[in-house]
Every structure is written in structure tokens, then in C-alpha cells.
Amino acid sequence: MIELTDYSEAGWSNVDARARARFYCEQLERGEILFVDASRFRVPQSDRAALLKIAPLSLRQKNISYAPSTGVIGGLGGSSTDEDFASAFARYSAHSIRFCAGLLGPYSDSWRVELASFRPVEEHDRQLSMTERNDLLHVDAFPGRPTNGARILRFFTNLHPHDARVWLTSDPIPSLAARQEYAAMMLDCGRIATSAASRAIANLMRAAAHVGIALPDRSSYDRAMLRLHDAMKGDAEFQADCPKYRHEFGPGASWLVFTDTVPHAVLAGRFALEQSFFIARDSLIAPESSPLAVIERLAGRAMTKQAGESVERQGAL
Ligand SMILES: [Fe+2]
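Just to check I follow, could you spell out the overall build of the protein chain for this structure?
What the protein chain contains, in helices and strands, is ten helices and 13 strands. Radius of gyration (C-alpha) of the protein chain: 19 Å, near the 20 Å computed for a compact globule of 317 residues. Viewed in the frame of its principal axes, the protein chain has a C-alpha envelope of about 55 × 50 × 40 Å. Considering only contacts within the protein chain whose residues lie at least 6 apart along the sequence, 82% involve residues at least 24 apart. Counting 36 positive and 38 negative side-chain charges, the protein chain places the averaged centre of each group 3 Å from the other.

Mind showing me how you'd approach the sheet that holds strand β7 (residues 112-119) here?
Strand pairing within a sheet occurs via backbone hydrogen bonds; the two strands may be parallel or antiparallel. What the eight strands build is an open sheet, ordered β1-β4-β11-β8-β13-β7-β5-β6; its pairing is mixed. The sheet is open, and its two edges are formed by β1 (2-3) and β6 (73-74), each paired on a single side. Two elements, strand β8 (residues 151-158) and strand β13 (residues 272-279), share eight bridges in a ladder whose sense is antiparallel. Bridge pairing in β13 places Asn-158 opposite Ala-272.

Is there a simple way to explain the coordination of the iron ion in this structure?
When a metal holds four donors in a tetrahedron, each ideal angle between them is 109.5 degrees; when it holds six in an octahedron, the ideal angles are 90 or 180 degrees. Looking at the metal site, the iron ion is ligated by His-138 (NE2), Asp-140 (OD) and His-264 (NE2), spaced 2.1 to 2.2 Å from it. Each donor residue of the iron ion belongs to the same chain, with the gaps between them written as H-x1-D-x123-H. Separated by 124 residues along the polypeptide, Asp-140 in the loop between β7 and β8 and His-264 in strand β12 (residues 264-268) bring together distant segments of the chain. A residue is classified by how much of its surface remains accessible, and Asp-140, at 6% relative accessible area, is buried. Take His-264: its relative accessible area is 5%, and that puts it in the buried class.

Explain the sheet that holds strand β10 (residues 245-249) here, please?
Strand order in the open sheet formed by three strands is β10-β9-β12, and the pairing between neighbours is antiparallel. On the outer flanks of this sheet lie β10 and β12, each paired with one strand and no other. Averaged over neighbouring strand pairs, the angle between their axes works out to 30° when direction is ignored. For strand β9 (residues 165-169) and β12, the ladder comprises four bridges, and the chain directions are antiparallel. Across the sheet, the residue bridging to Leu-168 is Ala-265, located in β12.

What am I meant to see in the environment of Phe-258 here?
Residue position: Phe-258 is located in strand β11 (residues 254-258). Put simply, Phe-258 and Ala-280 are 22 residues apart on the chain and 13 Å apart in space, counted from C-alpha to C-alpha. Excluding residues that lie within four positions of it along the chain, Phe-258 makes contacts with Leu-28, Glu-29, Tyr-107, Arg-151, Ile-152, Leu-153 and Ile-279.

Conventions used here
- Residues numbered from 1 in each chain as written.
- Predicted model: local features only at pLDDT ≥ 70, side-chain atom pairs only at ≥ 80, totals over all residues.
- Heavy atoms only, no water.
- Helix = DSSP H or I, 4+ residues; strand = E, 2+ residues; numbered from the N terminus.
- Rg over C-alpha atoms; globule rule 2.2 N^0.38 Å.
- Contact = heavy atoms within 4.5 Å.
- Lys, Arg positive; Asp, Glu negative; His and termini not counted.
- Charge placed at Lys NZ, Arg CZ, Asp CG, Glu CD.
- Pairing = 2+ DSSP bridges.
- Donors = N, O, S within 2.8 Å, 3.2 Å for Na, K, Ca; no water.
- Buried < 20%, exposed > 50% of the residue type's maximum accessible area, 1.4 Å probe, protein only.
- Axes fitted to C-alpha atoms, helices over the stretch in contact; angles between N-to-C directions.

Right, here's the structure in full:
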């Protein structure tokens, strides 16, 4: 983990901002977590109070989501959304987008701002299905939101007034791939995702869009990452034997991480906020360290669609 030392809500301190932004981007891409002290990114006390009063029992889904593009809040079981809660959630999303745009200049022109989420439920001993469990190490892949090779960057804030949010992480994908047993797991996911059967299903899903049925248009890479998410969670040996690092993010702390690269699990904590971004491949500083590059290298073939293509290239690399 590295710490942000020269940027805050007020902007960059007296440094070469361009060079420092590239440095932080590269460190993140290579699998570092960037820790942001509570003094550098603040959630106002009134918003904090509005967010903390939400009752977790009213949850309909795993988390509560907020879509910055539409303003829609999802995941609440109640018939109406508390106005103060909704506006505090929207302000957090806008504030974190502004903060990250100033910090990560190389990305912000071409990134896709994704959903924000709020996690009001205590994670310790939370009862969820195997693939939904947060306490098992995994890399992120979203079933309904394929990236086609763009990377998943997430900005988290621990809103709890007293308790830390406790994470476990493992080595990033490129380091794991250097070990034979984990490379085999990734290769297996890549092979299944590029199989004729998997491509046929993907083509059917694409065809459904032409008759008005909206299904996610997943590239081979997206299918491989969904498999890797499940493969990591379902592999007891991986969970037991892989390298592990424990992190405690204190009250008010924030942190940034590429969650498609760094296997992570949440062991304990309540009241985390988060804003996601999809980082375009063209804006990466170290594209060779992306999970796409690693899995394509292992599989020996291209696994994404190029701009303007309706189906992905199937040729060898
Ligand atoms: Fe995750």
C-alpha cells in the first residue's frame, strides 16, 4: 500500500502534478492500493449523518447503488427513498468523481463513470451465497456491466464513526500468474471463455439485442473474468494458500484500487461508500500489467472487440 502525500481536495501541493499523477496511475495499475487520509477527502458531517441513518433491514439487494448518469438509486426495499439520504449519496458520488478527476488526470478524459455504492451491512459473518460472499478473495467482474478490457478502478470511503473496515488482499494478477498453479487457473478461465460453446452463447446474447432483448454484450475477456471471480471464490486451496495481506482502513479513510487486478476480501466493517470507474485501455500507463494482457498472453489469443467491430477478433495474438 502507498499513501497519497501531495494531493487533497484543495488540489496538488507544490509538485510536478503531471508526473505525480502518472506515478500514482502506474502504481495503481501495478496493483498497489493508494491510501487517502481522512484529512485529504472529507464527507461533510451532515451528509455523514444522513447516510448513517439508513436501516440495513430495508435492503433489497446486496448493496445500495447510485447511478450518477441518471440519479437513480437502486437496492432499497422501501417504497420511497429518504430525500436527505439520496442527496447525500449523490453528493458523495459527485465529490469523489471530482477528487479522482483531479488526481488521476491521465484517465479522466476517457474513463466511464460507473455506479456508486453504499454498504450499510456489517460484513463480519454476513450470510450470502458463495459467489456473492465478500469475505472470500476475488477479483471483480460485473455480470451486467462488461468492460471489454477496460479496467475497474474503485474509490472507497469508510464512513463508520468508530470502526475500521478490514480487508484482506493477495498479490496482483501479474504476480499470481508467475506461479504455475494460479496461471493454470487463469488459463482455464481463458480457455473456457474462448471455447466455441461460450462464443456461441455470447453471439446469441448479442443477437437478442437486435430483437429488443437487452442482455450484456460480453467479450471473451469479460467471460474469462467472470469465471476467474467465481474460480477464486470456489477454490479452497487458493483461499488458504495464496499470499495474504491484511489492511485496516480507519474511520474516515479512503482508498483507491484496481479491483480487477488485486484479489480482495472484506472481513469486517460497516458503512462503506464507493465510486467505480472503467478506465479505458488507451489511457493506461502500464497496459502490460493489466489482467487483459496477462490472460491474453496465457491464452495466446485476442479476447476483446475492437472499436467498430460487432464481434471480437478470434485470431491468435
Ligand atoms: Fe469485490
